[in-house]
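Here is what each chain is made of, one letter per residue.
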Number of protein chains: 2
Amino acid sequence: MPALSTRQQIVEKADALFYAGGFEATSFADIAAALGISRGNFYYHFRTKDEILDAVIDRRMENTRAMLGNWAEEDDAPKDRILSFVRILVTNRTKIMAFGCPVGTLSTELAKLDHAAHGRAAEIFAMYREWLSDQFRAGGQGDRADSLAMHLLGRVQGVAVMMTAFPDEDFIRREVGEIEIWLGTLFEPDIRN
Amino acid sequence: MPALSTRQQIVEKADALFYAGGFEATSFADIAAALGISRGNFYYHFRTKDEILDAVIDRRMENTRAMLGNWAEEDDAPKDRILSFVRILVTNRTKIMAFGCPVGTLSTELAKLDHAAHGRAAEIFAMYREWLSDQFRAGGQGDRADSLAMHLLGRVQGVAVMMTAFPDEDFIRREVGEIEIWLGTLFEPDIRN
DNA sequence: ACAGAATTAGGTCATTTGTCCTAATTAATC
DNA sequence: GATTAATTAGGACAAATGACCTAATTCTGT
């Protein structure tokens, strides 16, 4: 009784390899070899590369949904929930410096490939957008909520891109710090000078 | 007497194809076919794919240097120079929505491929960083100049990434507008309320 | 224990990849 | 005009790719 089904193992490994090496550059053989399974076995579970990509995106959406749910459970205040999001830049800094943001890099790669799944990859972004939008709305930002969500997503994506070019921990902390200050002024409007 | 040498044509086409389709996904055959030249001719000018990449990066660095120089010539005020940089988001919005930022996407792709040229791609970023840093310093930002340059680069990169996922012109103009306001407060410190 | 379904192994196939070679053609130099 | 150098054409090559098939094995329900 394996801890994970072969299919789950394939999706998990493909997820990691797509992130670390890119979708196009990762081959069937790479995934099968990394798992120690035969190509035939692989083909039984996924007939085309696009099917694996679909399954990987499904997995990422589930994981994202779970993570966003956890952040909402851990903190009651919208501001603290949003801070949990921002701090993944620090938590995952090592991987981001090496491979960028999994969401952003997949989206841009599929855009270049003109891949049919680009829209699905953008849906992962949309999940973050809506969740952040909900938090800003709950924090009393009303109509600005969605704009603020997009703005914050962009800020975080930008830091992630810069991290791969300049792996500088000080830069990360400085940017995260500035975002925290910005959130502070947003959620305590009577303290702005 | 051709307007461009074969070698120049190859580099130019490779540049465009690498941007629109990615480095890994663009093959020798793609470039040769797009130019209508034979593979043998191609091989005469570039023996390996890495050589083409190097030439493309050289070209981009030259073009970038020229563009930054032009912006410096067109405007005397550091703030206006920096605005020229920010507004490429609007000027090139169609291509960015389709393929992202050429600098950022190449950097992240080469990072994932663990490619030797990743450092050279980051040098293009470094050119922008230093140029922006010079402008901020000329604008009286002193020690903060480099931090501000990195911050602004990140802001622009973030908008570019979001544009590929959400091709929304309003978002672009909103973000560019906010950056302009931010620059305004930076360069006119006595007007902050 | 056994039949049927699910899963896995191993190999095949046409195509494409990056790399490379040789012969032909064009351009430059004396 | 002859000789040499630079450039181009048109393949060839092994390796890798995504896709596919069949036979063997393992699991499942009865």
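Residue indices follow the written sequence of each chain, beginning from 1 at its first position. Lettering of chains starts at A and numbering of ligands starts at 1, both following the order in which they are written. Two thresholds apply to this predicted model, a pLDDT of at least 70 for residue-level local features and 80 or more for giving and counting side-chain atom pairs, whereas whole-chain, interface and lining totals are computed over all residues. Where side-chain values are given, they derive from all heavy atoms of the structure, hydrogens and water being excluded.

(A) A look at the interface of chain B and chain A. Any pair of residues with heavy atoms lying within 4.5 Å of one another is described as a contacting pair. Across the contact, 39 residues belong to chain B and 39 residues belong to chain A. Each of two parts loses accessible area, computed with a 1.4 Å probe, when they are put together; buried area is these two losses added. Summed over both sides, the interface between chain B and chain A buries roughly 3,200 Å², with carbon and sulfur atoms accounting for 65% of that surface. When a carboxyl oxygen of Asp or Glu lies within 4 Å of a side-chain nitrogen of Lys or Arg, that pair is called a salt bridge. Viewed at the interface, chain A and chain B are joined by 0 salt bridges. Whenever a nitrogen or oxygen atom comes within 3.5 Å of another N or O atom, the pair is scored as a polar contact, on the condition that within protein one atom can donate a hydrogen and the other can accept it, and that pairs from neighbouring residues in sequence are kept only if both atoms are in side chains. On the surface where chain B and chain A come into contact, there are 14 residue pairs in polar contact (both at pLDDT 80 or more). Every element with two or more residues in the side of chain B that touches chain A is listed here: helix 1 (6-21), helix 7 (93-99), helix 8 (102-112), helix 9 (118-138), helix 10 (145-165) and helix 11 (169-187) of chain B. A helix here means a DSSP run of H or I that spans at least four residues, while a strand means a run of E at least two residues long, and both kinds are numbered starting from the N terminus.

(B) Region of the structure containing the relation of the copies chain B and chain A. The two copies are related by a screw motion: chain B maps onto chain A through a turn of 180° and a shift of 0.0 Å along the axis, at an RMSD of 0.0 Å. Both copies of the chain, as the preceding transformation shows, are related through a two-fold rotation axis. Distance from the rotation axis, computed per C-alpha, reaches its smallest value in chain B at Gly 158 of chain B: 1.8 Å. A high fraction, 100%, of the interface residues of chain B reappear at the interface in chain A, so the copies pair face to face through one surface. When the copies are overlaid, the least-squares fit takes in C-alpha atoms only where the residue has pLDDT of at least 70 in both copies.

(C) Focus on the pattern of salt bridges. Enumeration according to the criterion identifies 20 salt bridges over all chains in this entry. The salt bridge involving Arg 59 of chain A is made with Glu 12 of chain A; its shortest N-O contact spans 3.5 Å. With Arg 59 of chain A in helix 4 (residues 49-74) and Glu 12 of chain A in helix 1 (residues 6-21), this residue pair connects regions lying 47 residues apart in the sequence. For Arg 59 of chain A, a relative accessible area of 24% corresponds to the partly exposed category. With a relative accessible area of 35%, Glu 12 of chain A lands in the partly exposed category. Notably, a salt bridge pairs Asp 134 of chain B with Arg 137 of chain B, separated by 3.1 Å at the nearest N-O pair. Of the two residues, Asp 134 of chain B and Arg 137 of chain B are both situated in helix 9; the distance of 3 residues between them amounts to about one turn of the helix. For each residue, the accessible area found with a 1.4 Å probe, counting protein chains only, is set against the maximum for its type, and the residue is called buried under 20%, exposed over 50%, and partly exposed in between. Residue class for Arg 137 of chain B comes out partly exposed when judged on its relative accessible area of 44%. Among the ionic contacts, a cluster of salt bridges with common partners joins Glu 12, Asp 15, Arg 59 and Arg 60 of chain A.

(D) Summary view of the packing of helix 5 (residues 78-86) of chain B against helix 10 of chain B. Residue and element names in this part refer to chain B. Put simply, helix 5 and helix 10 touch, their axes get as near as 11 Å, and they point 25° apart. For the element pair helix 5 / helix 10, the angle class is roughly parallel. For the pair helix 5 and helix 10, the crossing hand works out as right-handed. Side by side, helix 5 and helix 10 meet where Ile 82, Phe 85 and Val 86 of the first sit next to Leu 152, Leu 153 and Val 156 of the second. Residues belonging to the contact of helix 5 with helix 10 are distributed by class as follows: 6 nonpolar, no polar and no charged. A fitted line through C-alpha atoms serves as each axis, taken over the contacting stretch for helices, and the angle formed by two N-to-C directions is quoted from 0 to 180°. Here the word oblique covers every angle except those under 35 degrees (roughly parallel), over 145 (roughly antiparallel) and from 65 to 115 (roughly perpendicular). Note on convention: the crossing is left-handed when the near helix lies turned anticlockwise from the far helix by less than a right angle, right-handed when the turn is clockwise. Amino acids outside the nonpolar list (Ala, Val, Leu, Ile, Met, Phe, Trp, Tyr, Cys, Pro) and the charged list (Asp, Glu, Lys, Arg) are all regarded as polar, and Gly is one of them.

(E) Structural detail: the UniProt feature "domain: HTH tetR-type" (unreviewed entry) in chain A. As recorded in UniProt, the sites labelled "domain: HTH tetR-type" (unreviewed entry) are residues 4-64 of chain A. Note that residues 4-64 of chain A is 77% helix and 0% strand, and that its end C-alpha atoms are spaced 20 Å apart. UniProt positions are given in the numbering used here, feature names are shortened, and annotations may be inferred rather than shown by experiment.

(F) How the structure looks around the protein's contact with DNA strand D. Neighbouring DNA strand D are 15 residues; Lys 49 of chain A together with Thr 6, Gly 40, Tyr 44 and His 45 of chain B lie closest to it. In this structure, Thr 6 of chain B approaches DNA strand D through a side-chain N or O atom, which is 2.5 Å from a phosphate oxygen. A per-element tally of the surface near DNA strand D places helix 3 (residues 39-45) of chain B first, with 5 residues. Any residue with a non-hydrogen atom lying within 4 Å of a molecule or strand is treated as near it.

(G) View of the nonpolar core. Phe 85, Phe 136, Leu 152 and Leu 183 of chain A together with Phe 85 and Phe 136 of chain B are the most contacted members of the largest nonpolar core, which totals 127 residues. When near neighbours in sequence (up to four residues on either side) are disregarded, Phe 136 of chain B contacts Ile 82, Gln 141, Ala 145, Leu 148, Ala 149, Leu 152, Trp 182, Leu 183, Leu 186 and Phe 187 of chain B. Throughout this description, the term nonpolar core refers to a set of buried Ala, Val, Leu, Ile, Met, Phe, Trp, Tyr and Cys residues connected via side-chain atoms within 4.5 Å.

(H) Structural context of the environment of Phe 99 of chain A. Considering the arrangement of structural elements, one finds Phe 99 of chain A in helix 7 (residues 93-99). Judged by relative accessible area, Phe 99 of chain A falls into the partly exposed class, the value being 22%. Contact partners of Phe 99 of chain A, with chain neighbours within four places excluded, come to Tyr 19, Ala 20, Thr 105 and Thr 164 of chain A together with Lys 112 of chain B.

(I) Broad picture of the packing of helix 5 (residues 78-86) of chain A against helix 11 (residues 169-187) of chain A. Residue and element names in this part refer to chain A. Following both chains from N to C, one finds helix 5 and helix 11 inclined at 165°, their axes separated by 11 Å at the closest point. Our classification of the angle between helix 5 and helix 11 gives roughly antiparallel. The crossing of helix 5 and helix 11 is right-handed. On the side of helix 5, the interface is formed by Pro 78, Lys 79, Ile 82, Leu 83 and Val 86, while helix 11 contributes Val 176, Ile 179, Glu 180, Leu 183, Gly 184 and Phe 187. Its residues assigned to classes, the contact of helix 5 with helix 11 comprises 8 nonpolar, 1 polar and 2 charged.

(J) Spotlight on the packing of aromatic side chains. The rule is short: rings of Phe, Tyr and Trp, with Trp giving its six-membered ring, pair when the centres are within 6.5 Å, and they are stacked under 30 degrees, edge-to-face over 60, tilted in between. Counted by the stated rule, this structure contains 20 aromatic pairs over all chains. Ring centres of Phe 136 of chain A and Phe 187 of chain A lie 6.1 Å apart, and the angle between their planes is 20°; this geometry places the pair in the stacked category. Of this pair, Phe 136 of chain A sits in helix 9 (residues 118-138) while Phe 187 of chain A sits in helix 11, placing them 51 residues apart in sequence. Here the two residues Phe 136 of chain A and Phe 187 of chain A agree in accessibility, since each one is buried. Taking the centre distance of 5.5 Å and the plane angle of 75° together, the rings of Tyr 19 of chain B and Phe 99 of chain B count as edge-to-face.

(K) Structural detail: the environment of Ile 31 of chain A. Residue and element names in this part refer to chain A. Relative to the assigned elements, Ile 31 resides in helix 2 (residues 28-35). Ile 31 sits 110 residues away from Gln 141 along the chain, and the two C-alpha atoms are 45 Å apart. Beyond its immediate sequence surroundings of up to four residues, Ile 31 is in contact with Ile 10, Lys 13, Ala 14, Leu 17, Phe 18, Thr 26, Phe 42 and Ile 52.

(L) Examining the protein's contact with DNA strand C more closely. As a matter of local geometry, DNA strand C sits amid 15 residues, with Thr 6, Gly 40, Tyr 44 and His 45 of chain A together with Lys 49 of chain B nearest to it. In DNA strand C, atoms within 4 Å of the protein come from the sugar-phosphate backbone in 67% of cases. In this structure, a phosphate oxygen belonging to DNA strand C sits 2.9 Å away from a side-chain N or O atom of Tyr 44 of chain A. Contacts to DNA strand C include Phe 28 of chain B, whose backbone N or O atom sits 3.0 Å from a phosphate oxygen. No other element matches helix 3 (residues 39-45) of chain A, which puts 5 residues into the surface near DNA strand C. For the surface near DNA strand C, the class distribution of residues is 4 nonpolar, 8 polar and 3 charged.

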